Amino acid sequence: MTTTRQSFAITGANGYLGTFLVKFLRDKGHRVIKLGRNLSPNEKEVYPYHLGETVSPDFLREIDTLIHCAYDFSAVTKEEIFKSNVGGSIKLFNEASQAGVPKIVFISSMSAFPGCLSLYGQGKLEVEKKSAPLGVISIRPGMIYDESPKGIVGIMDKIVHSLPLIPLIGKGDQPLFFCHVEDLAHLVLEIAEGRIPRPVKPIIAAHPSGKTFQQMFEILANRRQKKVATIPCPAWIPWLLLKTLEKIGLRLRLKSDNVVSLTSTLSNPDFTSLHPAGTQFRAFT
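Residues numbered from 1 in each chain as written. Predicted model: local features only at pLDDT ≥ 70, side-chain atom pairs only at ≥ 80, totals over all residues. Heavy atoms only, no water.

Undergrad: I would appreciate a short explanation of the sheet that holds strand β2 (residues 31–36) in the present structure.
TA: Backbone-to-backbone hydrogen bonds join strands into a sheet, with any given pair of strands oriented parallel or antiparallel. Read from one edge to the other, the open sheet built from seven strands follows the order β3-β2-β1-β4-β5-β6-β11, with strand pairing classed as parallel. The open sheet terminates on both sides in strands that have one partner only, identified here as β3 (46–48) and β11 (203–205). Strand-to-strand twist across the sheet, computed as the mean angle between neighbouring axes with direction ignored, equals 20 degrees. Note that strand β5 (residues 103–107) and strand β6 (residues 137–141) share three bridges and pair parallel. Among the inter-strand pairings, F106 is bridged to a residue of β6, identified as S138. Most of the contacts of helix α3 (residues 78–99) go to strand β4 (residues 65–68), to which it runs at about 180 degrees, and overall it touches β1 (7–11), β4 and β5. Along the sheet, helix α6 (residues 181–192) contacts β1, β4, β5, β6 and β11; its crossing angle with β6, the most-contacted strand, is approximately 170 degrees. (Pairing = 2+ DSSP bridges. Helix = DSSP H or I, 4+ residues; strand = E, 2+ residues; numbered from the N terminus. Axes fitted to C-alpha atoms, helices over the stretch in contact; angles between N-to-C directions. Contact = heavy atoms within 4.5 Å.)

Structure follows, in structure tokens:
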């Protein structure tokens, strides 16, 4: 099947997902412009961008699909998150809509659902709500991973590698749903090429069979051919430790809000929005 070459713009292009999408789409023969900070001046097809900055309408008019992956992780408080991530995202979407960008894709999160407790999830949910009237297509990936785990899964993999005894968050029985990064890239391309109907609600992008927090550690340990022991730990202990470190100005990869996300997951997600897609998400094994 031949496809028409498209022009993609990707924010957060230096991040984990953004980097993968850039290579994936370029390998498919599409033009990809990277939007982000600290981009190499020697690289072609780059556009310096930080959340909240204005994007040239002339630039946006050349774009077929805008994929918004950027997130300001330096924002910690609700006020900071809503100002930087929510405000900056909606500003970008308004500019893209006014410039006539045909498709706008927002990478949200399965942490975003009505009643979610994490600030990360609340911010993503607010962007979904405010961008829906603009025709923005929201995707809620599960925990993104690949064969060399990065992101939150990567942090957990390093814990497995470093510790013989792993403290669980709570009892470790909270359900988690996983999203292989390549499957997510295929879904984004399906949307861009119009191979699935425009969804009326956010697409939950993950394998429908969840794993518990403890099972995730067991799978990561098996992958490393290592045996580990786990012990339940009240969630408030790691939350308080991380919150204290944040209060004194330390910025760690794992945040107190991540603990909230991991302990207040949605146990029964609605995967019906994924059914029209041809992409099948692989199980986390």
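Undergrad: Please explain the pattern of salt bridges as it appears in this structure.
TA: Working definition: two side chains of opposite charge can pair if their charged atoms are close together. In this structure the tally under the stated criterion is 14 salt bridges. Residue E126 pairs with K130 through a salt bridge whose shortest N-O separation is 3.6 Å. In this pair, E126 and K130 both sit in helix α4 (residues 119–131), four residues apart, roughly one turn of the helix. According to the relative accessible area criterion, E126 is partly exposed, its value standing at 23%. In this structure, the salt-bridge partner of R195 is E193, at a minimum N-O distance of 2.8 Å. Residue classification places R195 among the partly exposed residues on the basis of a relative accessible area of 39%. A cluster of three or more residues bridged by salt bridges with shared partners is formed by R31, E45 and E62. (Salt bridge = Lys/Arg side-chain N within 4 Å of Asp/Glu carboxyl O. Buried < 20%, exposed > 50% of the residue type's maximum accessible area, 1.4 Å probe, protein only.)

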